[in-house]
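Structural features, examined
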Amino acid sequence: MKSKMLFKGYDDEFILNKKVLLPKLNQEQSRDLVIGEDGNNIIKYINYSLQLSLSHKFPFYTATNIDGLKFKKVPRKDNWRKDNRIVKDLQWGTELYSSARSNFDRGHMTKREDVQWGETIGIALNAADSTFYYTNAVPQHKDLNRDIWRSLEDYILHTETKRNLLRICVFTGPVLSNSNPYFVTPINNIQIQIPSLFWKVVVFEKEDGKLYRVGFMMSQNKLLLKDNIIEQLESDDQIFMQFDDSDTYQVNVSLIEELSGLEIPKAIDSYTDNRTTKLVLNEIDIDPDLESDSIEYELGFSIENILL
């Protein structure tokens, strides 16, 4: 009972006087949901919630409230475990992340620091700890997870939200698709498709009192191929295979909706791009040869002042 009382989850009225609902799944996705012990398909944690795919065992998305005013600095303590409120076989755990050729990270979808806020240090510490459930993890290549993806997350949290004492809502997820490539190591005789694309949408309020949203997408396809983590997928659908070097990370939210199958909460789009879907996709894959410093420069240039 204690965990149920503690895990209040995502608040759709977190931005005062505004309502930002959870992303809406399509019909196929709605039939592919893990149900928790409380009979609910929305799995709640501290300051965030998620919906978990039954077939992929990865989240369709996570939904996070971030309060820049109440952010607390607390020590990090990794404590990865399966959520005992959910059938364990419906979650990937150490059997995936410690298997042969699994040289990828446990990629947080909801960032640890994003939920690290509250009235007290204790609340912030518990919130950070609640991000270490495997339900909140998706395999991410270290060069994505520790460099450019982290740079984006740090920019949103530290440069914008904390500095400007904002309250924002952030939605994050992998693109769960039958076009995703297969991990080279079967787990319990099951072939696992590793997501190639990740997306993030930030919803925030500007001084005019209106809600705005901005979207980002990144790919790890080249990185996974380079390290022989995935098998090249032979398919007529080449959307995940034909990427050029990256230099663009900001994309239309409509593109994220198209690829993820989700309907993102409505708000004014602060970024629009009239290029074709294929052209944008060609530019968001992470280049394995791009140095970390260069990545941070490119990223900072791309999203500078987007929330202002």
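Here, the structure is the one placed above.
Residues numbered from 1 in each chain as written. Predicted model: local features only at pLDDT ≥ 70, side-chain atom pairs only at ≥ 80, totals over all residues. Heavy atoms only, no water.

Quick word on the packing of aromatic side chains
The condition is simple: Each aromatic pair joins two rings of Phe, Tyr and Trp (for Trp, the six-membered one) with centres within 6.5 Å, and gets the label stacked for planes under 30 degrees apart, edge-to-face for over 60, and tilted for any other angle. Only protein chains enter the area calculation, which uses a 1.4 Å probe; residues under 20% of their type maximum are buried, those over 50% are exposed, and those in between are partly exposed. Runs of E in the DSSP output that reach at least two residues are strands. Runs of H or I that reach at least four are helices, and both are numbered from the N terminus. Charge-over-ring placement is defined geometrically: NZ (Lys) or CZ (Arg) within 6 Å of the ring centre, and within 35 degrees of the ring normal.
Under the criterion given, the structure shown has 12 aromatic pairs. Judged by centre distance (4.9 Å) and plane angle (15°), the rings of Tyr45 and Tyr48 are stacked. By the burial criterion, Tyr45 is buried, and Tyr48 matches it. Taking 5.1 Å as the distance between ring centres and 75° as the angle between the ring planes, the aromatic pair formed by Trp80 and Phe132 counts as edge-to-face. Placement of Trp80 in the loop between strand 3 (59–67) and helix 3 (94–97) and of Phe132 in the loop between helix 4 (121–129) and strand 5 (137–140) is noted, with a sequence separation of 52 residues between them. With respect to class, Trp80 is no different from Phe132; both count as buried. Of the aromatic side chains, those joined through ring pairs into one cluster are Trp80, Tyr97, Phe104, Phe132, Tyr134 and Phe183. One cation-aromatic arrangement involves Arg81 over Tyr133; the distance from NZ or CZ to the ring centre is 4.0 Å. Note that Arg85 overlies the ring of Tyr45, its terminal NZ or CZ placed 4.9 Å from the centroid.

Structural notes on the environment of Val201
Within the secondary structure, Val201 sits in strand 8 (residues 197–205). On the basis of relative accessibility, which here comes to 0%, the residue Val201 falls in the buried class. Through-space distance from the C-alpha of Val201 to that of Ile264 is 8.2 Å; in sequence the pair is 63 residues apart.

Thoughts on unusual backbone geometry
Despite not being glycine, Lys57 has its phi angle at roughly 65°, a positive value. Residue position: Lys57 is located in the loop between strand 2 (48–52) and strand 3. Even without a glycine there, the phi angle at Asn228 is positive, about 55°. Its place among the elements puts Asn228 in the loop between helix 6 (221–226) and strand 10 (230–231).

Quick look at the pattern of salt bridges
Think of it this way: side chains of opposite charge can pair up when their charged atoms draw near. What counts here: For salt bridges, the criterion is a side-chain nitrogen of Lys or Arg within 4 Å of an Asp or Glu carboxyl oxygen.
Applying the stated criterion across every chain yields a total of 11 salt bridges. Its salt-bridge partner being Lys19, residue Asp12 comes within 3.5 Å of it at the nearest N-O pair. Measuring nitrogen to oxygen at the nearest pair gives 2.6 Å for the salt bridge that ties Glu119 to Lys70. Placement of the pair is Glu119 in the loop between strand 4 (105–108) and helix 4 and Lys70 in the loop between strand 3 and helix 3, with a sequence separation of 49 residues.

Details of helix 7 (residues 253–260)
Along an α-helix, residues three or four apart share an orientation, since each turn contains 3.6 residues. Burial analysis of helix 7 places six of its eight residues in the buried class, which makes it a mostly covered element. One or two positions beyond helix 7, positive phi appears at Gly261, with a value near 80°.

Some thoughts on the pairing of strand 2
How we decide: Strands qualify as paired when DSSP identifies two bridges or more between them.
For strand 2, a buried count of five out of five residues is recorded, marking the element as mostly surrounded by other parts of the structure. Where burial is concerned, the two faces of strand 2 agree: the one with Tyr48, Leu50 and Leu52 and the one with Ser49 and Gln51 are both buried. By the bridge criterion, two bridges tie strand 1 (residues 43–44) to strand 2 in an arrangement that is antiparallel. By the bridge assignment for strand 2, Ile43 is matched with Leu50. In this antiparallel pair of consecutive strands, strand 1 and strand 2, the connection spans three residues, and Asn47 shows a positive phi of 70°. Hairpin connection, strand 2 to strand 3: the antiparallel pair is bridged by six residues, and Lys57 has positive phi, about 65°.

What to know about the side chain of Gln193
Just so we agree on the cut-off: Within 3.5 Å is the distance limit for a polar contact, defined as a pair of N or O atoms, with the added protein rule that one can donate a hydrogen and the other accept it, and that residues adjacent in sequence qualify only through two side-chain atoms.
Tracing the sequence through the fold places Gln193 in the loop between strand 7 (182–183) and strand 8. Gln193 sits in the buried class, given a relative accessible area of 11%. Of note is the side chain of Gln193, whose polar atom sits 2.9 Å from the backbone oxygen of Asn178. Of the polar contacts made by the side chain of Gln193, one reaches the backbone oxygen of Asn180; its length is 2.7 Å.

Digging into empty space enclosed by the protein
Short version of the rule: A pocket, in this scheme, is an open set of points on a 1 Å grid over the protein atoms alone with protein on both sides within 12 Å along at least 5 of 7 lines, while a cavity is a set where a 1.4 Å probe fits but cannot get out; residues line either one if an atom lies within 4 Å of a point. Grid points are joined across faces, edges and corners, and a volume is the space filled by probe spheres set on the points. Following the grouping adopted for this structure description, the nonpolar residues are Ala, Val, Leu, Ile, Met, Phe, Trp, Tyr, Cys and Pro, the charged ones are Asp, Glu, Lys and Arg, and the polar ones are all others, Gly among them.
Scanning the model with the defined rule gives one cavity of 30 Å³ or more in all. Computed from the structure, the largest cavity encloses a volume of approximately 40 Å³. In terms of lining, the largest cavity is formed by Ile66, Asp114, Glu153, Ile156, Leu157, Val170 and Lys200. A per-element tally of the lining of the largest cavity places helix 5 (residues 142–162) first, with three residues. The residue makeup of the lining of the largest cavity, split by class, is four nonpolar, no polar and three charged.

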